[in-house]
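Reading the structure
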Amino acid sequence: MAELTTLQSSAAERICARFPQVSRNEFRGDITLTIAPADLAEVMSFAKESCGFDMLLCVSSVDNLGQEPRYEVNYTITQAENGTNLLVRCPVSESDCAV
């Protein structure tokens, strides 16, 4: 488990170093990266090509009714070989509802 956490942390650090606009949050040993919709394709490509995240494991959404940004799209990506997961969160405004 410690090795997976180290791999996850290392990958998150590389992504944040390449994209300073990405914010990182850690909760109970899981790392979440928050990115703007405009950066999604570039960040995900970097995660795949440079960090080894080769599988999109899950896509989900959240409706934060009464809050802005109202929506968020969550992507769980994984390195299939070793099981390292990373959550990428993309907040989306109700007025510009596109990713």
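See the structure above.
As the structure is a prediction and not an experimental result, all values here were calculated from the model.

Examining the overall build of the protein
Helix and strand counts for the protein stand at two helices and five strands. Each helix (α) and strand (β) of the protein, taken in turn from the N terminus, gives the series α-β-β-α-β-β-β. Against the 2.2 N^0.38 benchmark of 13 Å for 99 residues, the protein shows a C-alpha radius of gyration of 13 Å, consistent with a compact globule. Each of the three principal axes of the protein carries a C-alpha extent, and together these read 40 × 25 × 20 Å. Sequence separation of at least 24 residues holds for 43% of the intrachain contacts in the protein that already meet a minimum separation of 6. Accessible area of the protein: about 6000 Å², with a carbon and sulfur share of 51%. Distance between charge centres in the protein, computed from 7 positive and 14 negative side chains, equals 2 Å.

Comments concerning the environment of Met55
Examined against the element boundaries, Met55 turns out to sit in strand β3 (residues 55-63). Spatially, the C-alpha atoms of Met55 and Val88 are 13 Å apart, while their sequence positions differ by 33 residues. With residues near it in sequence (within four places) discarded, Met55 still touches Thr76, Ile77, Thr78 and Ala80.

Considering the nonpolar core
By size, the foremost hydrophobic cluster in this structure holds 23 residues, and its most contacted members are Ile15, Leu33 and Leu86. Of all the elements in the fold, those that place two or more residues in this core are α1 (2-18), β2 (30-34), α2 (40-51), β4 (71-79) and β5 (84-92). The element contributing the most residues to this core is α2, with six residues. Not counting chain neighbours up to four residues away, the residues in contact with Leu33 comprise Ala12, Ile15, Cys16, Val22, Ser23, Arg24, Leu86, Leu87, Val88 and Arg89.

A look at unusual backbone geometry
Residue Glu68 is joined to Pro69 through a cis peptide bond whose omega torsion reads 0 degrees. Within the fold, Pro69 resides in the loop between β3 and β4.

Some remarks on α2
In an α-helix, one turn spans 3.6 residues, which is why side chains three or four residues apart end up on the same side. Helix length check: α2 (twelve residues) gives 15 Å between terminal C-alpha atoms against 16 Å at 1.5 Å per residue, within 8%. Restricting attention to buried positions, one finds in α2 the residues Leu40, Val43, Met44, Phe46, Ala47 and Cys51. Projected down its long axis, α2 carries its buried residues within an arc of 155 degrees, all on one side. Opposite the buried face of α2, by more than 90 degrees, sit the exposed residues Ala41, Lys48 and Glu49. One or two positions beyond α2, positive phi appears at Gly52, with a value near 80 degrees.

The rules behind these values
Residues numbered from 1 in each chain as written. Predicted model: local features only at pLDDT ≥ 70, side-chain atom pairs only at ≥ 80, totals over all residues. Heavy atoms only, no water. Helix = DSSP H or I, 4+ residues; strand = E, 2+ residues; numbered from the N terminus. Rg over C-alpha atoms; globule rule 2.2 N^0.38 Å. Contact = heavy atoms within 4.5 Å. Areas by Shrake-Rupley, 256 points an atom, 1.4 Å probe, with all protein chains shown as cover. Lys, Arg positive; Asp, Glu negative; His and termini not counted. Charge placed at Lys NZ, Arg CZ, Asp CG, Glu CD. Core = buried A, V, L, I, M, F, W, Y, C linked by side-chain atoms within 4.5 Å. Buried < 20%, exposed > 50% of the residue type's maximum accessible area, 1.4 Å probe, protein only. Expected span 1.5 Å × (residues − 1). Arc of directions from axis to C-beta.

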